[in-house]
Amino acid sequence: MQALGSHFPTRKFDVIVIGGGVFGLSCALTLADAGKSVAVVDRSKAWGEASAVNAGSLAVQNKLPALVPYTLWAWQTWQSLAQRLGTDLGLRRSGGYKIAMDDVEAERLHKIAAEQQAVGLITMRLSKSDLRTHASWISEDCVAATYCEDDGYASPTLVGPALRRSAEEAGVTLIEHAHVDTIQSGDRITVGTSRGEFQGDRLAITAGAWSGRIAAMVGVELPISLDVNMVSVTEPARPTIKKIVTHARGVLTLKQVANGSCLIGGGWQGIGTLDDFRKDISYDQIIHNLRLAIRVIPGLKSLNVVRSWAGYEGVTPDSLPYLGKLNGHDNIYCAACARGGFTMGPLLGQLLGELILTGTASKPIDLFDPGRFADAA
Ligand SMILES: Cc1cc2nc3c(=O)[nH]c(=O)nc-3n(C[C@H](O)[C@H](O)[C@H](O)COP(=O)(O)OP(=O)(O)OC[C@H]3O[C@@H](n4cnc5c(N)ncnc54)[C@H](O)[C@@H]3O)c2cc1C
């Protein structure tokens, strides 16, 4: 990849990818492996936004039913990616408990499990006493749980550098600290950045929460709202929590990673907007996240939280990702904004690469048409 400040030997590429997160780098790797010349343009350092700061959960049980098959396919992609990158990605198919703390939550838990089972997910119902037998570290206040072998996690801090390095080795040109300001569409696309202009035959928009702003540069409206998600990490502790834990109401994700630290998330909201670029912790909110974590796993009470942080996640009106060609453009594509985008990023990035290469993707993508809200606009 090109170092910052160098002259680029070429400014013309088969494909320009805007955004160097998990979607963009996975797409670029697929294209480069197929022999295309590819540039990934990023306003800051690639792997510097959501892909870098997420909680690393690869949980199927906390996905919408429509996304369950994609999450199961994504496990295959993750496994191939680990082989392709040839390094430890912290990938663990640990299995996971999704828990309920009262009868209303238990009803919700079982309803969601039934919907997920209808689309192929295998989960096991656990009673309160089953939980005591299988996971005595979970609080006696939990009244029910479902268990799924296909829940797990990976380490964003291990995945990012490995993915960047492999993209580099495959010939991808990484153009960092290059803010995209303008796009001229046509047979050949010109992307205007703070580091000059670059041209491509095709353009892939994989700019996460900013994808709507990039699409607007070519006259396409992509509705995206912003979540400012928070995550906390504890000091390392003796390995106890062997499985990932999620919550019937979607308000908790918890795992103990290789060094013994516990990562606590669950979509509690921090403070910031795309305009002010703030990604601040809301202490009012995070306290609820931590209290809930302790309520579910009382042993956490003795651990110090060493850091909390926040990051941007783009959300579509139906919480399904965008993946496909942009309306009215034959050579501009988008993949962005999956709920659980780290989980599905390698798969969806690869599918976008396939679509650009061959005109079709190896998995169905009609549900994700970026034009699906056009009539409502
Ligand atoms: C705190 C947090 C916790 C999360 N936890 C999980 C989890 O546990 N499991 C899970 O599956 N998902 C999780 N997610 C969601 C997941 O991280 C995202 O869905 C996923 O990383 C999105 O990847 P991306 O490549 O689309 O976007 P990003 O990683 O955000 O990459 C987009 C890139 O586009 C670049 N860009 C934007 N505008 C421009 C421009 N004008 N010019 C050039 N470049 C531009 C940005 O600099 C950025 O690098 C979490 C998200 C957050 C914020």
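Residues numbered from 1 in each chain as written. Predicted model: local features only at pLDDT ≥ 70, side-chain atom pairs only at ≥ 80, totals over all residues. Heavy atoms only, no water.

### A few points about the pattern of salt bridges
Okay, so step 1: Applying the stated rule across the entire model yields 13 salt bridges.
Okay, so step 2: Where Arg-213 meets Asp-275, a salt bridge forms, and the shortest distance between an N and an O atom there is 2.9 Å. Placement of the pair is Arg-213 in helix H7 (residues 211–216) and Asp-275 in the loop between strand S15 (262–265) and helix H8 (283–296), with a sequence separation of 62 residues.
Okay, so step 3: Judged by its relative accessible area of 63%, Asp-275 is exposed. (Salt bridge = Lys/Arg side-chain N within 4 Å of Asp/Glu carboxyl O. Helix = DSSP H or I, 4+ residues; strand = E, 2+ residues; numbered from the N terminus. Buried < 20%, exposed > 50% of the residue type's maximum accessible area, 1.4 Å probe, protein only.)

### Considerations on the pairing of strand S11 (residues 196–205)
Okay, so step 1: Alignment of strand S1 (residues 12–18) against S11, held across six bridges, turns out to be parallel. Across the sheet, residue Lys-12 finds its bridge partner in S11, namely Gln-199.
Okay, so step 2: Both strand S10 (residues 189–193) and S11 contribute to a ladder of five bridges, which runs antiparallel. Paired with Gly-192 across the bridge in S11 is Glu-197.
Okay, so step 3: Two successive antiparallel strands, S10 and S11, enclose a turn made up of two residues. (Pairing = 2+ DSSP bridges.)

### Details of the nonpolar core
Okay, so step 1: Counting residues in hydrophobic clusters, the biggest one holds 63 residues, and the most contacted among them are Ile-18, Tyr-97, Ile-99, Leu-203, Leu-254, Val-296 and Leu-326.
Okay, so step 2: Formed jointly, this core draws a minimum of three residues from each of two domains, domain 1 (12–52 + 157–223 + 318–368) and domain 2 (96–148 + 225–315).
Okay, so step 3: Those residues in contact with Val-296, other than ones at most four positions away along the chain, are Ile-99, Met-101, Trp-137, Ile-138, Ser-139, Cys-142, Val-245 and Leu-252.
Okay, so step 4: Among the nonpolar cores identified, the runner-up in size contains 53 residues, and Leu-29, Leu-31, Trp-75 and Phe-342 belong to it. (Core = buried A, V, L, I, M, F, W, Y, C linked by side-chain atoms within 4.5 Å. Domains from an automatic or database assignment. Contact = heavy atoms within 4.5 Å.)

### What about H8?
Every α-helical turn comprises 3.6 residues, leaving residues that sit three or four positions apart pointing alike.
Okay, so step 1: For H8, with 14 residues, the first-to-last C-alpha span of 20 Å sits near the 20 Å given by 1.5 Å per residue.
Okay, so step 2: Listed as buried for H8 are Ile-286, Asn-289, Leu-290, Leu-292, Ala-293 and Val-296. With its buried residues spanning 160 degrees around the axis, H8 presents them on a single face. Along H8, exposed side chains directed more than 90 degrees from the buried face belong to Tyr-283, Asp-284 and Arg-291. (Expected span 1.5 Å × (residues − 1). Arc of directions from axis to C-beta.)

### Points about the domain arrangement of the protein chain
Okay, so step 1: Under the domain assignment used here, the protein chain contains domain 1 (12–52 + 157–223 + 318–368) and domain 2 (96–148 + 225–315).
Okay, so step 2: Computed over C-alpha atoms only, the centres of domain 1 and domain 2 are separated by 30 Å.
Okay, so step 3: If you look at the interface, domain 1 gives 13 residues, while domain 2 gives 11 residues.
Okay, so step 4: Taken as a group, Ala-209, Arg-213 and Arg-339 account for 45% of the area that domain 1 buries against domain 2, more than any other trio of residues on that side.
Okay, so step 5: One salt bridge connects Glu-313 with Arg-339, and the closest N-O pair in it is separated by 3.8 Å.
Okay, so step 6: Inspection of the domain 1/domain 2 interface yields three residue pairs in polar contact (both at pLDDT 80 or more).
Okay, so step 7: In terms of residue class, the side of domain 1 that touches domain 2 is built from six nonpolar, three polar and four charged. (Buried area = accessible area lost by both parts, 1.4 Å probe. Polar contact = N/O pair within 3.5 Å; in protein donor to acceptor, adjacent residues only side chain to side chain. Nonpolar A, V, L, I, M, F, W, Y, C, P; charged D, E, K, R; others polar.)

### Regarding unusual backbone geometry
With the exception of glycine, the majority of residues adopt a negative phi angle, and the majority of peptide bonds are in the trans configuration.
Okay, so step 1: In this structure, Ser-319 is a non-glycine residue whose phi angle is positive, near 60 degrees.
Okay, so step 2: You can see Ser-319 is positioned in the loop between strand S16 (305–315) and strand S17 (322–325).
Okay, so step 3: Its identity as a non-glycine residue notwithstanding, Cys-337 has a phi of 65 degrees, on the positive side.
Okay, so step 4: If you trace the backbone, Cys-337 turns up in the loop between strand S18 (332–336) and helix H9 (341–358).

### Description of the layout of surface pockets
Okay, so step 1: When its volume is computed, the second largest pocket comes out at roughly 560 Å³.
Okay, so step 2: Lining the second largest pocket are 29 residues, with Ser-155, Val-257, Ala-258, Asn-259 and Leu-263 sitting closest to its centre.
Okay, so step 3: Going through the elements one at a time, helix H2 (50–53), helix H6 (156–169), strand S14 (253–256) and S16 are the ones with two or more residues in the lining of the second largest pocket.
Okay, so step 4: Residues belonging to the lining of the second largest pocket are distributed by class as follows: 14 nonpolar, 10 polar and five charged.
Okay, so step 5: When we break the lining of the second largest pocket down by domain, the ones giving at least three residues each are domain 1 (12–52 + 157–223 + 318–368) and domain 2 (96–148 + 225–315). (1 Å grid on protein atoms, 1.4 Å probe; cavity = no way out; pocket = protein on both sides within 12 Å on 5 of 7 lines; lining within 4 Å. Points joined across faces, edges and corners; volume = space filled by probe spheres on them.)

### Notes on the site of the ligand
Okay, so step 1: Residues in contact with the ligand amount to 35 residues; listed here are only the nearest, Asp-42, Arg-43, Ser-51, Val-180 and Thr-343.
Okay, so step 2: Contact distances for the ligand include 2.6 Å between an oxygen atom and a side-chain N or O atom of Asp-42.
Okay, so step 3: With respect to the ligand, the backbone of Arg-43 contributes an N or O atom lying 2.9 Å from a nitrogen atom.
Okay, so step 4: Protein contact buries 95% of the 1000 Å² of open area that the ligand shows by itself.
Okay, so step 5: Where the shell around the ligand is concerned, the elements lending two or more residues are helix H1 (22–33), H2, strand S12 (225–234), S16 and H9. (Near = heavy atom within 4 Å. Areas by Shrake-Rupley, 256 points an atom, 1.4 Å probe, with all protein chains shown as cover.)

### A short note on the packing of H1 against H6
Okay, so step 1: Between H1 and H6, whose axes approach to 9 Å, the crossing angle comes to 30 degrees. Put simply, H1 runs roughly parallel to H6. The way H1 lies across H6 gives a crossing that is left-handed. Across from Leu-25, Ser-26 and Leu-29 in H1, the residues of H6 making contact are Leu-163, Arg-164, Ser-166 and Ala-167. (Axes fitted to C-alpha atoms, helices over the stretch in contact; angles between N-to-C directions. Parallel < 35°, antiparallel > 145°, perpendicular 65-115°, else oblique. Left-handed = near helix turned anticlockwise from the far one by under 90°.)

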